[in-house]
Amino acid sequence: MATYEQLYGMAFGNLDAAVTDWQRTTEDLDTLAEEARDGLRARTAAADWAGLNADVSRQFVYTTVTQFAYAHSQARAIHAILRDLRDEQLTCRRQLHELEAGAAAEGVYIQANGTVIPRQDGPYSTEYLEGTGGRQALLGADGPTAAAVEEMTARIAEILGRSEDADTTAARALREIVGEDRDTFQPAGPAGMENAEQRQGEADAREALRLIESGDYETPEGAARLNDLLETHHDNEHFAVDLATGLGAEGTLSFWADARINDHTGGTPPSDAYTRTIQEMQENLGITLGTATRADDPRMAEWEERVVALGLHDMAPADQAHPLYGFQVMSDLMQHGDYDDGFLTTYGDALLETDRNLADGTDFWVPDARTHFVGDDFRSDPVTGFLTGLSASPDAATAFFTAEEENDHATYLIRERHYPDMAGEVTDDRDRIALGALGDALYAGATGMDPNDPTAERGDHTPEQEAVLHHVLEVESGAKNDLPPELREPTARLLGDYRTEVFETARNPAGSGLPLDAEHLAVVTAQISRTPEAYETLQGAMAVEFMERIHADTSGDPSRVLDDIGWAAGFLDQGRFAALEIDKANSSWAGQQAYDIGGYLIGEIPWVGSTLQTSMDQLLGAWTQHQEQAVSGGLDQSRTEYYNQDNTYLNELANQWARLNPDPQESGATEWQTQIQQAIRTGALSADTEARELLIAAGVIQRE
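Residues numbered from 1 in each chain as written. Predicted model: local features only at pLDDT ≥ 70, side-chain atom pairs only at ≥ 80, totals over all residues. Heavy atoms only, no water.

Caption draft 1: Molecular detail of the overall build of the chain. When you go through the chain residue by residue, the secondary structure sums to 28 helices and two strands. For the chain, the residues scored as buried account for 51% of the 704 residues in total. Considering only residue pairs separated by 6 or more positions, the chain has 76% of its internal contacts joining residues 24 or more positions apart. If you sum the accessible surface of the chain, you get close to 31,500 Å²; carbon and sulfur atoms cover 46% of it. (Helix = DSSP H or I, 4+ residues; strand = E, 2+ residues; numbered from the N terminus. Buried < 20%, exposed > 50% of the residue type's maximum accessible area, 1.4 Å probe, protein only. Contact = heavy atoms within 4.5 Å. Areas by Shrake-Rupley, 256 points an atom, 1.4 Å probe, with all protein chains shown as cover.)

Caption draft 2: Highlighting unusual backbone geometry. If you check the backbone angles, R430 has positive phi at about 75 degrees while not being a glycine. Within the element layout of this structure, R430 appears in the loop between α16 (409-416) and α17 (433-447). R430 gets classed as exposed once you look at its relative accessible area, which sits at 53%. Phi is positive for K480, close to 50 degrees, though the residue is something other than glycine. Residue placement: K480 occurs in the loop between α18 (463-479) and α19 (488-497). Residue K480 is classed as partly exposed on the basis of its relative accessible area, which comes to 36%.

Caption draft 3: How the structure looks around a negative patch on the surface. Residues E164, D165, D167, E197, D235, E237 and D296 make up a contiguous surface patch of negative charge. With three residues, the top contributor of residues to the negative patch is helix α6 (residues 145-178). Within the secondary structure layout, E237 lies in helix α9 (residues 237-260). (Patch = residues over 30% accessible without salt bridge, like charges linked within 9 Å, V, L, I, M, F, W, Y side chains within 5 Å. Salt bridge = Lys/Arg side-chain N within 4 Å of Asp/Glu carboxyl O. Lys, Arg positive; Asp, Glu negative; His and termini not counted. Charge placed at Lys NZ, Arg CZ, Asp CG, Glu CD.)

Caption draft 4: Molecular detail of the packing of aromatic side chains. Inspection of every chain in the model, using the stated rule, returns 16 aromatic pairs. Between the aromatic rings of F255 and W256, the centroid separation amounts to 6.0 Å while the plane-to-plane angle is 65 degrees, which identifies the pairing as edge-to-face. Among the residues examined, W256 registers a relative accessible area of 0% and is labelled buried. Aromatic side chains Y347 and F386 sit 6.0 Å apart centroid to centroid with 40 degrees between the ring planes, which places their arrangement in the tilted category. Linking Y347 in helix α13 (residues 341-356) with F386 in helix α14 (residues 382-391), this pair joins segments that are 39 residues apart in sequence. Through a chain of ring-to-ring contacts, the aromatic side chains of W303, F327, Y339, F343, Y347, F386, F400 and F401 assemble into a single cluster. The residue whose ring lies beneath R417 is Y419, and the NZ or CZ to ring-centre distance is 4.8 Å. (Phe/Tyr/Trp six-rings, centres within 6.5 Å; stacked < 30°, edge-to-face > 60°. Lys NZ or Arg CZ within 6 Å of the ring centre and 35° of its normal.)

Caption draft 5: How the structure looks around the nonpolar core. Core analysis: the largest hydrophobic core is formed by 143 residues, its most contacted members being M330, Y347, L387, L390, F401, L413 and L438. Per element, the largest residue contribution to this core is 12 residues, and it comes from α9. Discounting chain neighbours no more than four positions away, the residues touching M330 are L253, L289, W303, V307, Y339 and Y347. Ranked by size, the runner-up nonpolar core spans 16 residues in total, among them A2, A103, I110 and M152. (Core = buried A, V, L, I, M, F, W, Y, C linked by side-chain atoms within 4.5 Å.)

Caption draft 6: How the structure looks around the packing of α17 against α19. The interhelical angle for the contact between α17 and α19, taken along N-to-C directions, is 15 degrees, at an axis separation of 9 Å. On the basis of the axis angle, α17 is roughly parallel to α19. Handedness of the α17/α19 crossing: right-handed. In contact with G439, D440, Y443, A446 and T447 of α17, α19 contributes P490, R493, L494 and D497. For the contact of α17 with α19, the class distribution of residues is four nonpolar, two polar and three charged. (Axes fitted to C-alpha atoms, helices over the stretch in contact; angles between N-to-C directions. Parallel < 35°, antiparallel > 145°, perpendicular 65-115°, else oblique. Left-handed = near helix turned anticlockwise from the far one by under 90°. Nonpolar A, V, L, I, M, F, W, Y, C, P; charged D, E, K, R; others polar.)

Caption draft 7: Quick look at the pattern of salt bridges. What the rule picks out here adds up to 29 salt bridges. Its salt-bridge partner being R432, residue E486 comes within 3.0 Å of it at the nearest N-O pair. One end of the pair, E486, is in the loop between α18 and α19; the other, R432, is in the loop between α16 and α17, and 54 residues separate them in sequence. Residue E486 is classed as buried on the basis of its relative accessible area, which comes to 11%. Linking D497 and R458 is a salt bridge whose minimum nitrogen-to-oxygen distance equals 2.8 Å. Pair noted here: D497 is in helix α19 and R458 is in the loop between α17 and α18, with a separation of 39 residues, a long-range link.

Caption draft 8: Representation of the packing of helix α10 (residues 272-294) against helix α12 (residues 326-334) in the model. Two elements in contact, α10 and α12, have axes whose closest approach is 7 Å; the angle formed by their N-to-C orientations is 95 degrees. For the element pair α10 / α12, the angle class is roughly perpendicular. Contact residues: Q282, L285, G286 and L289 in α10; M330, D332 and L333 in α12. Residues belonging to the contact of α10 with α12 are distributed by class as follows: four nonpolar, two polar and one charged.

Caption draft 9: The arrangement of the environment of M281 in detail. Inspection of the secondary structure assignment puts M281 in helix α10. Relative accessible area serves as the criterion here: at 0%, M281 is assigned to the buried category. M281 sits 50 residues away from E231 along the chain, and the two C-alpha atoms are 7.9 Å apart. For M281, the residues in contact, after removing those within four places along its chain, are A223, L226, N227, L230, F255, W256 and G286.

Here you go:
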């Protein structure tokens, strides 16, 4: 693979010359082939020529003419491959240059070797930013560290990967054109890298099928070779479709069930190397099958239909006494890859219909303890893998969670379903993995973004996505204090993505025509606040919203924007008071000592830009200070005390507004500052009371 430095500075003089030379060669051979065909061959065919010498000579002429045609065909193909290679590498180089040019606006700096580091505003020279000292100094600074660095690094990796793929495909295609016979020209077939990719994909799919059908994949060498083929071609739709349809739906599921179950190692645990290969194969095969479902190939319709139909069929090897169902096998693969939206929703409908009607509940999916899997990442609950795949396809998630009276997936998954909590289905912290996947899928459906894709770009929400949000809030608020704790953090991220709608609702909860239902928002905020990290996530998002509104307001009237901010802050902070009442002595807040809200802001929400960086640093510092004071004080403050003049967070919000809005009456700095702080604190306390009444009405807390 070309390094960042190599691709960034790549010169194309030699490649341009080769493209030009082969174009000229193609044109010359086209002329020669035409003359040979229309001249030499045509005259030979028309000649009145007989006898043994005539037969031999005529065949020689025909062979020579054919070789001219083949030479032209090969030259045309070589020219097309070199042209496509040059164009793709030029595109990749241009994109690296564009990334570098836009890096400063993203708050990062790309070093000469491609390493991405945070970049603060300031008089930093290129030499300083390239140096180790500059890197160490900036890494500890506040700023868009996590999200921006991760996103920029992922973009660079994607460009370098495409560059490598183009180079590999071109080299393979050129070797194929030359072939093993160096003495004669051969027909080159269709020209260009796309056709070379198709031919190679089809050939390697045949090899992969041989490895599977012969059982050679059960050896370490065979498994490694199969995994290499899958890794090389998982984005090649010709390879993917030929492999999927060559195996058939039943063959695909049977193969993977056999590969996943440790039944071919003589009863001994597989080696670490073999286990790693199978785990890598899970990812590569999952991506490959996803590619196949998205290919515009009519053969896949039958495969997809049959996979769904095999959901409750036992796909375990014949010598296994305990079943492994089709839904479990396919969902294991769905944890990786981007699957066709229609296939995902059809599969999910069938899976949840089956899941709802199981006589033994979700315990049906629990495998026998004597079934040993290769690796420790097999999820017996098929809903886990499906929801993971769904979160990677936001459009499918939106369609899947669109409320339908007879098929309300959100209600079933959030409030009705029982989730297995045995080993393999929970994290080290005992969080149920399937519910984490549900949170990601709900986020994807309501925002249109894959929550696990650092390069996902936020856009305007569609009416369909907004409808999913409203339904999710309705269902989650209906769960009241029984909302699964695993959904608190994902829901906080979801509300953070809708921070403007949250603000507009929280600032006037008794109003009409609000973007969100105020009671739903109050209840869900209280549930989020039962986990300190989730509370921090939501507060972080709203801090950005507050800051943007402060910097857009120069009205000089604190009863407008500043009062609204006070209302929104108080409405949301009532969630924490409610959380303390709900959980009492068992509260997760007990022993909580410190916060790092900057980490969330940096990593999870749209950054406000470098122009507000200093203001955000000051605001976040004030928020952190106030939360630490509240925690260290035992969280036993009354609401009135919480919103008094010692609330450093509200004071900092007021101070930042004051810096942009000097006293219009020139009544004195102290009096003006008191008036401003009183406006935000009064709004906050009033909203806190309003939110509390909503929570009492919903039955979440009791009236004192």
